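Residues per chain are reported as follows:
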Amino acid sequence: MKTYDVIIIGGGPAAIVTGITVKKFFKEKSVLMIKEEADGLVPCGIPYIFNLLGNDAGKNKMGPKPFVNLGGEVVVDSAIKVDKTAKKVLVKSGEEFSYGKLVFATGSEPVIPTFIPGHDLRNVFYVKKSFPYIHELASKISGFKNIVIVGGGFIGAEVAEQMAASGMNITLVESEPLCFSKAFSPELSAIATDVLRETKVNVMTSTLVKEITGENDTVQHVVLSDGRKIEADAVTLSIGYKANSQLAEESGLELNRFGDIHVDNYGRTTVKDISAVGDCAQTFGFLTGRSDVIKLASTATAEARTLGHNIFGIRIKKCTAGTLGVFSTEINGLAMAAAGANEKSAGESGVELISSKFSSPDRHPGGLPGMSNLTVKLYASPVDGSILGGEAWGGKSVGEIINIISLAIQKSITVFELISFQVGTHPLLTASPVNNPIVRAAEDIVYKMTCSKY
Ligand SMILES: Cc1cc2nc3c(=O)[nH]c(=O)nc-3n(C[C@H](O)[C@H](O)[C@H](O)COP(=O)(O)OP(=O)(O)OC[C@H]3O[C@@H](n4cnc5c(N)ncnc54)[C@H](O)[C@@H]3O)c2cc1C
């Protein structure tokens, strides 16, 4: 039986970044990655396979090459048993490996709504992070005309937008009054839903699916709770993801109430020498410290880096107290992003907020080619002015503007400090220094806090 200093189970972003970090900083350590599928994909790129990448899943491949280049080893097989006492992992083909440290990076799987009759008919699909599955879906999809997508979170919406752009008749059914409502504030969710409606997607909100029906085991209709029937050659169910934590549970690891593997700030489970990172591991809300469910590649890789540095003992202190959740997307040319709290999520947690927004062209003068209107909304504590959340929408710069806001939240920067935030500006690249939307939104909060009642 071969022995490794570290064995990582999984092949997604969390596994790859854990492997790279360990091999880069502890060159002499032997590291094995056990991944169940030979080919991997960029999970966040899946929606774009259906249109922008020309229905070619091969253009969205991702693998552990950077880890292998650093001397990491890979076995393509499924880990099926972990003996935490003997410190061994058994894989499906019968081979066993022994470990010094074990990392679960087994990710998440789409939630299967067994409560919807017909969820298992032929041509009912899920947005699985599996290359062979998505490759097959992409090849099948060109034969379909009418597709119903259930779930208007960012994954369902991105898939709907892309499939519609490729010429299919797409209906998106969302039970909430607005799409994107888990990621965005009510204001930005409304903007995002309107933008989605401006595409060719037929968006049905406040609408519940009662059943999926068909003949010869193959889907034909989606039946709504009000009795209406939508014709469907295929249905894609996108109602959320749950941790792939069954093996962890069978191995004696503790799970939390959401089924995520219980870990501390450094990814360590309750069992010695076993850690978990990424979608399979629990996250803690940065405001409340309570366990919550945030499953993002950005979060997974940050956790993986923290673990990679600290797997043999804590050497680099984790700099954040909890998971912010930084979401970004682009629908029909409008980029939208959010980090941390908004009035809805803060309200649910009993956190007081004060907010303000500012819009400005993201070039100066605004008549320059390529200009988009950029809006930044900041949420701060009315007591000390620290930034607790933010949203941005507009052109491509939104993708990085939200990361500045995310850093401000993580470092507890206040609106008072942002008054003297030094930014670089250029007519072709940024908003005017007179109207930097982050600074101006912060200034407006300072005004509300010091010169007027909010
Ligand atoms: C369509 C889509 C779009 C997304 N867009 C974004 C985005 O824009 N930004 C963002 O931050 N996040 C996005 N996400 C979320 C992001 O993809 C996940 O958070 C991320 O993939 C989590 O990485 P992970 O490595 O923890 O898990 P996963 O990516 O789920 O990988 C887990 C891996 O473990 C393997 N595995 C599981 N069990 C075993 C076993 N027993 N033995 C061997 N191997 C095993 C699986 O095959 C899989 O390869 C998106 C997700 C989807 C589906």
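Residues numbered from 1 in each chain as written. Predicted model: local features only at pLDDT ≥ 70, side-chain atom pairs only at ≥ 80, totals over all residues. Heavy atoms only, no water.

Observations regarding the environment of Arg-440
- Relative to the elements of secondary structure, Arg-440 occurs in helix H12 (residues 437-450).
- You can call Arg-440 partly exposed: its relative accessible area is 27%.
- As for Arg-440 and Val-415, which are separated by 25 residues in sequence, their C-alpha atoms are 9.8 Å apart.
- In this view, Arg-440 contacts Phe-358, Val-434 and Asn-435; residues no more than four positions away in its chain are not counted.
- There is a polar contact of 3.4 Å between the side chain of Arg-440 and the backbone oxygen of Val-434. (Helix = DSSP H or I, 4+ residues; strand = E, 2+ residues; numbered from the N terminus. Buried < 20%, exposed > 50% of the residue type's maximum accessible area, 1.4 Å probe, protein only. Contact = heavy atoms within 4.5 Å. Polar contact = N/O pair within 3.5 Å; in protein donor to acceptor, adjacent residues only side chain to side chain.)

A look at the sheet that holds strand E12 (residues 169-173)
- With parallel pairing, 5 strands are arranged side by side in an open sheet as E10-E17-E11-E12-E13. Of all strands in the sheet, those bounded by a partner on one side alone are strand E10 (124-126) and strand E13 (202-204). Neighbour to neighbour, the strand axes of the sheet diverge by 20° on average, direction disregarded.
- Summarising the sheet, E12 and E13 pair through 3 bridges and their orientation is parallel. Its bridge partner being in E13, Thr-171 is matched across the sheet by Asn-202.
- Across the sheet, helix H4 (residues 131-141) is in contact with E10 and strand E11 (146-150); its angle to E10 comes to roughly 135°.
- Its contacts with the sheet put helix H5 (residues 154-165) on E11 and E12, and the angle it makes with E12 is roughly 165°. (Pairing = 2+ DSSP bridges. Axes fitted to C-alpha atoms, helices over the stretch in contact; angles between N-to-C directions.)

Some details on the layout of surface pockets
- If you add up the space inside the second largest pocket, you get close to 540 Å³.
- Along the wall of the second largest pocket there are 32 residues; nearest its centre are Thr-299, Ala-302, Glu-303, Lys-318 and Thr-320.
- Where the lining of the second largest pocket is concerned, the elements lending two or more residues are strand E20 (283-284), helix H8 (297-310) and helix H10 (398-410).
- It is H8 that contributes the most residues to the lining of the second largest pocket, 8 residues altogether.
- A breakdown of the residues in the lining of the second largest pocket according to their chemical character gives 12 nonpolar, 15 polar and 5 charged. (1 Å grid on protein atoms, 1.4 Å probe; cavity = no way out; pocket = protein on both sides within 12 Å on 5 of 7 lines; lining within 4 Å. Points joined across faces, edges and corners; volume = space filled by probe spheres on them. Nonpolar A, V, L, I, M, F, W, Y, C, P; charged D, E, K, R; others polar.)

What to know about the sheet that holds strand E25 (residues 373-380)
- Taken in spatial order, the 5 strands make up an open sheet running E22-E23-E26-E25-E24, and their pairing is antiparallel. Each edge of the open sheet carries a strand with a single partner, namely strand E22 (326-331) and strand E24 (354-361). For this sheet the average axis-to-axis angle between neighbouring strands, irrespective of direction, equals 10°.

Notes on the site of the ligand
- The ligand sits among 33 residues. The nearest are Ala-14, Glu-36, Lys-129, Asp-279 and Leu-296.
- Backbone polar atom of Pro-13 to an oxygen atom of the ligand: 3.2 Å apart, as the coordinates give it.
- With respect to the ligand, the backbone of Ala-14 contributes an N or O atom lying 2.9 Å from an oxygen atom.
- In isolation the ligand offers 990 Å² of accessible surface; the protein chains occlude 90% of this area.
- Residue assignment for the shell around the ligand shows that the elements contributing at least two residues are helix H1 (13-25), strand E2 (31-35), helix H2 (46-49), H5 and H8.
- No other element matches H8, which puts 3 residues into the shell around the ligand.
- When its residues are assigned to classes, the shell around the ligand shows 17 nonpolar, 10 polar and 6 charged.
- Each of domain 1 (2-36 + 77-106 + 242-310) and domain 2 (112-239) gives at least three residues to the shell around the ligand. (Near = heavy atom within 4 Å. Areas by Shrake-Rupley, 256 points an atom, 1.4 Å probe, with all protein chains shown as cover. Domains from an automatic or database assignment.)

Quick word on the domain arrangement of the protein
- Each assigned domain of the protein is listed with its residue range as follows: domain 1 (2-36 + 77-106 + 242-310), domain 2 (112-239) and domain 3 (333-450).
- Relative to domain 3, the C-alpha centre of domain 1 lies at a distance of 35 Å.
- Across the contact, 4 residues belong to domain 1 and 6 residues belong to domain 3.
- Between domain 1 and domain 3 lies a buried interface of about 370 Å² when both sides are counted; carbon and sulfur atoms form 82% of it. (Buried area = accessible area lost by both parts, 1.4 Å probe.)

Let's talk about the environment of Ala-338
- Along the chain, the position of Ala-338 falls in strand E23 (residues 334-340).
- In the structure, Ala-338 is positioned 193 residues away from Lys-145 in sequence and 34 Å away in space, judged by C-alpha atoms.
- The contact partners of Ala-338, leaving out residues within four places of it in the chain, are Ala-183, Phe-184, Gly-325, Val-326, Phe-327, Gly-390, Glu-391 and Ile-402.

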